[in-house]
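As a plain string of letters, each chain reads:
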Amino acid sequence: MTFSWTPHRFSGGALALDVANSVVLRADPGRRIDRFADPAVMDAFPDGANRHGAERALFGALEPVGADARDGLVALREAIDRHFRAEVLGAGKPALMADLLDAISATLRRSGTRPHALDTATARSALMLLTQPEPERLKICPNCHWLFLDRSRNRSRAWCDMAVCGNRAKASRHYRRNREEPRP
Ligand SMILES: [Zn+2]
């Protein structure tokens, strides 16, 4: 497995969003990558979240889900992304929130007795996001389209990760400028 769960991949600021962000470039069918499509990569996620996740102190040491819970975790992940992405875009719908609540409750019924299982903790993280008092802190990274919770004091974060997406955007602006303005 050459892939690794680096700190950048936990830029979401909340476990539920880091899980949603296991799909890269969601809206681009040609380049979309689902990291959870490989069960070994899915099983390695909790270890990364335990080291880099913003909510790592909240849920204790996370454990991988059992093989029978993989589909449920993916269903929860998709419901999280659909609901919160629509909310950020100003297109939130009660039905999407209801779908998310269904997925949360199905997860808790299935593995609620394993509080440290990734799916249980993700369901609880999603519930906390649903009730967090400042919805304007929820944003979409303009470069990679990940969802993230802006935890900065003045809510000024523009990128999921300044060091990665912010720099890429700066570099491409610089590149365009240099092409468009011939040097004297
Ligand atoms: Zn990004």
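Residues numbered from 1 in each chain as written. Predicted model: local features only at pLDDT ≥ 70, side-chain atom pairs only at ≥ 80, totals over all residues. Heavy atoms only, no water.

Participant: If you had to explain unusual backbone geometry to someone new, which residues and values would you point to?
Facilitator: Across residues other than glycine, the phi torsion is negative in most instances, and most of the peptide bonds are trans. Phi angles above zero are rare outside glycine, and leucine 25 is one such case at about 50°. Mapped onto the secondary structure, leucine 25 falls in the loop between strand S1 (23-24) and strand S2 (33-34). Residue leucine 25 is classed as buried on the basis of its relative accessible area of 15%. One non-glycine residue, histidine 145, lies in the positive phi region at around 70°. Secondary-structure assignment places histidine 145 in the loop between strand S3 (138-140) and strand S4 (147-149). Its relative accessible area of 35% is what places histidine 145 among the partly exposed residues. (Helix = DSSP H or I, 4+ residues; strand = E, 2+ residues; numbered from the N terminus. Buried < 20%, exposed > 50% of the residue type's maximum accessible area, 1.4 Å probe, protein only.)

Participant: Tell me about the packing of aromatic side chains, residues and numbers included.
Facilitator: Per the stated rule, a full pass over the model turns up six aromatic pairs. Note on tryptophan 5 and phenylalanine 36: the rings are 6.1 Å apart at their centroids and 65° apart in plane angle, and the pair reads as edge-to-face. Pair noted here: tryptophan 5 is in the segment before helix H1 (15-20) and phenylalanine 36 is in the loop between S2 and helix H2 (39-52), with a separation of 31 residues, a long-range link. Seen from their ring centres, phenylalanine 10 and phenylalanine 45 are 5.1 Å apart, and the 50° between their planes marks the pair as tilted. You can see phenylalanine 10 sitting in the segment before H1 and its partner phenylalanine 45 sitting in helix H2, a full 35 residues away along the chain. For the residue pair phenylalanine 10 and phenylalanine 45, the accessibility class agrees, reading buried in each case. Taken together, the ring pairs connect Phe3, Trp5, Phe10, Phe36 and Phe45 into an aromatic cluster. (Phe/Tyr/Trp six-rings, centres within 6.5 Å; stacked < 30°, edge-to-face > 60°.)

Participant: Can you lay out H2 for me, pointing to particular residues and giving the numbers?
Facilitator: Taking 1.5 Å as the rise per residue, H2 with 14 residues should run 20 Å; its terminal C-alpha atoms sit 20 Å apart, in good agreement. Taken as a whole, H2 carries its principal kink of about 25° at phenylalanine 45; the proline proline 46 stands between one and four residues after it. For H2, every residue scored as buried is listed here: Val41, Met42, Phe45, Pro46, Gly48 and Ala49. (Expected span 1.5 Å × (residues − 1). Bend = angle between axes of the 7 residues up to and from the residue.)

Participant: Requested: an account of the coordination of the zinc ion, with residues and values cited.
Facilitator: The coordination sphere of the zinc ion contains the protein donors Cys141 (SG), Cys144 (SG), Cys160 (SG) and Cys165 (SG), at a distance range of 2.3 to 2.4 Å. The coordination sphere of the zinc ion comprises four donor atoms, whose angles at the metal cover 105 to 117°; the geometry is tetrahedral. In the primary structure, the donors to the zinc ion are separated according to the pattern C-x2-C-x15-C-x4-C. Pair noted here: cysteine 141 is in the loop between S3 and S4 and cysteine 165 is in helix H6 (residues 162-180), with a separation of 24 residues, a long-range link. On the basis of relative accessibility, which here comes to 0%, the residue cysteine 141 falls in the buried class. Given the relative accessible area of 1%, cysteine 165 is considered buried. (Donors = N, O, S within 2.8 Å, 3.2 Å for Na, K, Ca; no water. Tetrahedral: all angles 85-135°; square planar, octahedral: opposite > 155°, others 65-115°.)

Participant: Give a description of the environment of leucine 100 that names residues and reports values.
Facilitator: Along the chain, the position of leucine 100 falls in helix H4 (residues 94-111). With a relative accessible area of 0%, leucine 100 lands in the buried category. Put simply, leucine 100 and alanine 126 are 26 residues apart on the chain and 8.5 Å apart in space, counted from C-alpha to C-alpha. Here leucine 100 is in contact with Leu76, Ala79, Ile80, His83, Phe84 and Leu130, once residues within four sequence places are set aside. (Contact = heavy atoms within 4.5 Å.)

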